[in-house]
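Fold and geometry: a report
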Amino acid sequence: MASIIDFTDICKTFKVPERTKGKWSTFKNFFARKHKLIHALKNVTFEVEEGDIVGYIGPNGAGKSTTIKIMSGILTPTSGTCKINGLVPWKNRREFVKNIGVVFGQRSQLWWDVPVIDSFELLRDIYKIPKDEFDQTLKILDKALNLEDLLGRPLRQLSLGQKMKCELAGSLLHRPKILFLDEPTIGLDAVTKLAVRDFIKFINKEWHTTIILTTHDMSDIEALTNKIILIGKGQILYQGSFDNIKSKYSSAKTIEVEFSKDYDNVELDGYTVVSHNKKYATLKNLPSTEFHTKDFVNQITKKYEVVDFQVSSLSVDEILAKLYKEFELSER
Amino acid sequence: MGKSYLGIFRMEFKGELQYRAKAISGIATQLFWGLLQIYLYMAFLNTESVDGFSITQMASYIWLGQAFFAMRYILMGKNIGQSITNGNVCYKFVRPLNLYNQWYSETLGQKVASTLLRFPLILIIAALLPVGLGLSAPVSIPALLLCIVGILLGVCMSTTLSMFIVWLTFKTLSEKGSATIISTISGLLSGMVIPLPMMPQAVQNVINYLPFRFVSDLPFRIYIGNVGITDGLIFLAIGFAWLVLLTILGKLLIKSALKKTVIQGG
Amino acid sequence: MLYTKYLKMHMHSSFQYRANMAFIAITQALVNIGEVLGVWMLFLQFDSVGGWTFYQSLLMMGVIYTVFSFTECFARGYDEFPKLIKSGEFDRMLIRPVGIHYQIFGSKIEFTKLARMLLGIVLSVIALVNMNIDWNVWKVLVLIATYICGCSVIFGLFVLSAGISIYTVENLEFLNIFTNGSKEVAYYPINIYAKWLARFFTFVIPVACFNYLPLSFLTGTGSVPMWLCGVAPLFGMLFMIPCIIFFNLSLKRYKSTGT
């Protein structure tokens, strides 16, 4: 399939005022500001194919929102080229934005005091959506998100989850080809979170909408995306499938063992002992040791009397934290 | 007891000191307004003169007014109005403090801090301007001292009057509207709209005895010698009596407004 | 039309708080009544200033109140532009397939300001009735042009300060000097001010074009040639063009720097 987003060598440099500290700093800053350059994005290159759900992840301040802003045409990059849906986002603004939808997780695009349906109708006029097409789209969205009871109520009366459902619907009324979601599940309860995820999958399948998702919630990434782009300090650290990373790190296991009596010393070939306290011990396999439950049981019962044990691997969040750390280390 | 109010005062004071950039831009604005007003009233005083109010005196009067602008403006402390209209005021009942005193300390702290940040620079710049356009020296040392006493009275009077906005907000539940009503009345009667010495004598004869002119008009007139030392002392006494009276009245009104709020359950 | 939709939405929103809105509208008009009272008392003390009397000043106040609050009501988005940027609403406008200016107009309509506008019209009428003007077609046309000119100059100032606010990180109070300063000088026929000040508000910010010059035309007095006074409002309307150009240039900068 053809790539719908082509991001090549994008750099973005900001000039920010540097504040000097000291007694007369306010006056100094007021009259003569020093500036320093911040490289928000450094040669960022990636491609997204039509129909993909891409997770765009990175720690705070890594350059995620700058990228989203460039992709949605709000900012122009310092250098580099970008083609989205065959257009350059920051040229022909009005033509370009017809085909994108954006949901900023914590900012609403709907009106606070008027019924949601009125906001939707305003959006209909803004995007010049024909009436029958609008009705049809709304029907589909309503069915998928259960909006019916919400549409007649003003936004201020809705709960956080209900608001997010309406935001999602609002950004899809014009059936954009690409949807940017900035933290769509933040602050939602478990049930709504699942509903939102199902919905994202649904429109991706139904309308073939390409979705770019930024989130800190790793279960979102696991449940939704088929590709991740990992960014840190303005540079792409990794792009590819999430499973690759997972399998690379899931080989590291932690084993908690309970013995039937107190041991003074616990040792096992191929493992390190993380902690040991009389009847209890925690072990980790060395990178050279591939963990197999059967081999481990054989090995440990030969030396000690074991009552019980429990194996756990790294959680997705831990993997990510580890990844960030590694990349940070390698940079030094 | 008094210590906790002093604590609130100090907190608000420190908070206000944070906004230094705001203060600098405020000073620039004040300087511009000052000049504009002086040129305006100059046009009036050029054609006809009012007895005992010359252009030079007018310029000083305007500059003092600009320098102490933050204190003259009748405005309650930030967040007080909001806490009343959204009902958060209920949570304040849990604190073992008198709410009137608490709000008074908050408002006073903000007024004093923003005044202290602005007035020295404005006065210095105004004093450097040529005579007739700039700030002249006080007529005498006693006048200066009396003026300072008057300013201290003024900042308290301003705060006391601001407390009536709090009361009105309880009644109307509109913070903006209440603030506008009180500050408009006080603006006209305290010489912020038109310098009081330029008003018709008959009007002045009434306004001079109302509480509003003690907010700002009196100390400046003592400074320029438009009000003599003896008269100044008498007026200061009247102002002090108003201050005590209005503070007691404000306390009673707010107490009854609070009682109603508690009964209604906020 | 999209704008009528915006208008309806704002009306709907405001109506949720109508009691509060009405109260605010009335108290805002009260501020102006206070100012009028002050000026009235000033003219009780001084019969005239620079050859002008109370009613001529009252007409000037009526004009500025009318045009300022009309512009504030419908172009509030420009007036509160820093808020649009801070709230992220401006970014949102950039991803809508509708012109930016159109959206800024639609973003905020403040109906409470109409009370002040009404007051301005009433004051204008009172002043005009009391001024003994020999009316003819030209004077009526110039009067109408005066109000249109006033709106466009104030609008130009709003757009200008919105453009400047893109450059300054903090929304500095002294940006108001231009807008509020132009408003306050226009309370009086501005030729009463010192020459340099009057010149500034004629040639740099053309306040005179909806103030002293058309007033001269209506009363048939003053030193400026009558035909020039008559066409002055038309010239004043042009002021907003460079302001809009400046804003559009600032917009380009916004897109390359962000906030």
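None of the values given here were measured: they were computed from a predicted structure.

Digging into the interface of chain C and chain A
Taken together, the contact between chain C and chain A spans 32 residues of the former and 37 residues of the latter. Carbon and sulfur atoms make up 55% of the area that chain C and chain A hide from each other, which totals about 3,100 Å². For chain C, the biggest contributors to the area lost against chain A are Met9, Pro97 and Lys255 of chain C; these three give 23% of the whole. On the surface where chain C and chain A come into contact, there are 2 salt bridges. The closest approach of N and O atoms between Asp91 of chain C and Lys69 of chain A, which form a salt bridge, is 3.4 Å. There are 12 residue pairs in polar contact (both at pLDDT 80 or more) connecting chain C and chain A. When residues of the side of chain C that touches chain A are traced back to their parent elements, those giving at least two are helix 1 (2-15), helix 6 (89-94), helix 7 (100-107) and helix 14 (240-257) of chain C. Considering each element in turn, the side of chain C that touches chain A owes the most residues, 7 residues, to helix 1 of chain C. Across the side of chain C that touches chain A, the residue classes tally to 14 nonpolar, 11 polar and 7 charged.

Focus: a nonpolar patch on the surface
A surface patch of nonpolar side chains, amounting to about 740 Å² of accessible area, comprises Trp135, Val137, Trp138, Val140, Leu141, Ile144 and Ile148 of chain C. Here Val137 of chain C falls in the exposed class, since its relative accessible area comes to 62%.

A few points about the interface of chain B and chain C
When the parts come together, some accessible area is lost, and that loss is often what is quoted as the size of the interface. Chain B puts 34 residues into the contact, and the matching count from chain C is 36 residues. Interface area, chain B with chain C, both sides summed: about 3,000 Å², of which 78% is carbon and sulfur. The tally of links from chain B across to chain C stands at 0 salt bridges. In this assembly, chain B and chain C are joined by 3 residue pairs in polar contact (both at pLDDT 80 or more). Breaking the side of chain B that touches chain C down by element, the ones donating at least two residues are helix 2 (20-47) and helix 9 (175-189) of chain B. Looking at the side of chain B that touches chain C element by element, the count peaks at 16 residues for helix 2 of chain B.

Structural notes on the packing of helix 8 (residues 141-172) of chain B against helix 11 (residues 213-224) of chain B
All names here are of chain B. At their nearest, the axes of helix 8 and helix 11 sit 7 Å apart, and the two run at 175 degrees to each other. When the interaxial angle is binned, helix 8 and helix 11 end up roughly antiparallel. On helix 11, the residues that touch Ala143, Leu144, Leu146, Cys147, Gly150, Ile151, Leu153, Gly154, Met157, Ser158 and Leu161 of helix 8 are Phe214, Val215, Pro219, Phe220, Ile222 and Tyr223.

Observations regarding the domain arrangement of chain A
Here chain A is described as being made up of domain 1 (3-247) and domain 2 (253-313). Once you take the C-alpha centre of each, domain 1 of chain A and domain 2 of chain A turn out to be 46 Å apart.

Points about the environment of Ile166 of chain C
Residue and element names in this part refer to chain C. Inspection of the secondary structure puts Ile166 in helix 9 (residues 137-167). Taking the C-alpha atoms as reference points, Ile166 and Val224, separated by 58 residues in sequence, lie 39 Å from one another. Not counting the four nearest positions on each side in its chain, Ile166 is found in contact with Phe81, Ile85, Ser250, Leu251 and Tyr254.

Comments concerning the sheet that holds strand 10 (residues 253-259) of chain A
Residues and elements named next belong to chain A. The strand order 11-12-10-13 describes an open sheet built from 4 strands, whose pairing is antiparallel. Each edge of the sheet is formed by a strand with only one pairing partner; in this case those strands are strand 11 (271-277) and strand 13 (306-313). Direction aside, the axes of adjacent strands within the sheet are offset by 20 degrees on average. When strand 11 meets strand 12 (residues 280-285), the two strands line up antiparallel, connected through 6 bridges. Residue pairing for strand 12: Thr272 is matched across the bridge by Lys284. Sheet strands in contact with helix 11 (residues 293-303) are strand 10, strand 11, strand 12 and strand 13, and its direction is about 145 degrees off that of strand 13.

Concerning helix 5 (residues 131-145) of chain A
All names here are of chain A. Over its 15 residues, helix 5 extends 21 Å from the first C-alpha to the last, a length consistent with the 21 Å expected when each residue adds 1.5 Å. Along helix 5, the residues that are buried comprise Phe134, Thr137, Leu138, Leu141, Asp142 and Leu145. Viewed end-on, helix 5 has its buried residues packed into an arc of 135 degrees, placing them on one side of the element. In helix 5, the exposed positions angled more than 90 degrees off the buried face are occupied by Asp132, Lys139 and Lys143.

Structural notes on the sheet that holds strand 7 (residues 210-214) of chain A
Residues and elements named next belong to chain A. Spatially, 6 strands are ordered 5-6-7-3-8-9 in an open sheet, and the strand pairing comes out mixed. Unpaired on one side and paired on the other, strand 5 (100-104) and strand 9 (235-240) mark the two borders of the sheet. Strand-to-strand twist in this sheet, taken as the mean axis angle between neighbours without regard to direction, amounts to 15 degrees. Sheet topology places strand 3 (residues 53-57) next to strand 8 (residues 227-232); 4 bridges connect them, and they run parallel. Of the residues in strand 8, the one forming a bridge with Ile57 is Leu230. Together, strand 3, strand 6 (178-182), strand 7 and strand 8 form the strand contacts of helix 2 (residues 64-71), whose direction differs from that of strand 7 by roughly 150 degrees.

Brief notes about helix 9 of chain C
Residues and elements named next belong to chain C. Given a rise of 1.5 Å per residue, 31 residues ought to cover 45 Å, and the 46 Å separating the end C-alpha atoms of helix 9 matches this to within 8%. Within helix 9, 22 of the 31 residues are buried, which leaves it mostly tucked inside the rest of the structure. N-capping of helix 9 is provided by Asn136, with a side-chain oxygen placed 3.0 Å from the backbone N of Trp138.

Considering the environment of Pro225 of chain C
Relative to the elements of secondary structure, Pro225 of chain C occurs in the loop between helix 12 (212-219) and helix 13 (226-237). Taking C-alpha positions, Pro225 of chain C is 24 Å from Phe54 of chain C, a pair spaced 171 residues apart along the chain.

Rules used in this analysis
Throughout, a residue's number is its position along its own chain's written sequence, starting from 1. In the order they appear in the text, chains get letters beginning with A and ligands get numbers beginning with 1. pLDDT decides what is reported in this predicted model: residues at 70 or higher carry local features, side-chain atom pairs at 80 or more are listed and counted, and totals for whole chains, interfaces and linings draw on all residues regardless. Processing note: side-chain calculations cover all non-hydrogen atoms of the structure and skip hydrogens and water entirely. Contacts are assigned to residue pairs that have any heavy atoms within 4.5 Å of one another. Here the quantity called buried area is the total loss of accessible area, with a 1.4 Å probe, experienced by two parts when brought into contact, counted for both. By definition, a salt bridge exists where a carboxyl oxygen of Asp or Glu is found within 4 Å of a side-chain nitrogen of Lys or Arg. Here a polar contact is recorded for every N or O atom pair within 3.5 Å, except that within protein the pair must consist of a potential hydrogen donor and a potential acceptor, and residues adjacent in sequence are included only if both atoms are side-chain atoms. Secondary structure elements are taken from DSSP: a helix is a run of H or I of four residues or more, a strand is a run of E of two residues or more, and numbering for both begins at the N terminus. Residues were grouped as follows: Ala, Val, Leu, Ile, Met, Phe, Trp, Tyr, Cys and Pro as nonpolar; Asp, Glu, Lys and Arg as charged; and all remaining residues, including Gly, as polar. Residues forming no salt bridge and having over 30% relative accessible area are the ones grouped into patches, like charges within 9 Å of each other and nonpolar side chains (Val, Leu, Ile, Met, Phe, Trp, Tyr) within 5 Å. Methods summary: accessible areas were calculated by the Shrake-Rupley approach with a probe of 1.4 Å, and residue burial reflects only the protein chains presented. When accessible area is computed with a 1.4 Å probe and restricted to protein chains, residues below 20% of their type maximum are described as buried, those above 50% as exposed, and intermediate ones as partly exposed. To define axes, lines are fitted to C-alpha atoms, for helices over the stretch in contact only, and angles between the resulting N-to-C directions are given on a 0 to 180 degree scale. Geometric relationships in this document are graded by angle, where less than 35 degrees denotes roughly parallel, more than 145 denotes roughly antiparallel, 65 to 115 denotes roughly perpendicular, and other angles denote oblique. Domain boundaries shown here were taken from an automatic or database domain assignment. The pairing criterion is simple: DSSP has to find at least two bridges between the two strands. Each helix should span, by expectation, one fewer than its residue count multiplied by 1.5 Å. As used here, the arc belongs to the directions running from the helix axis to the C-beta atoms.

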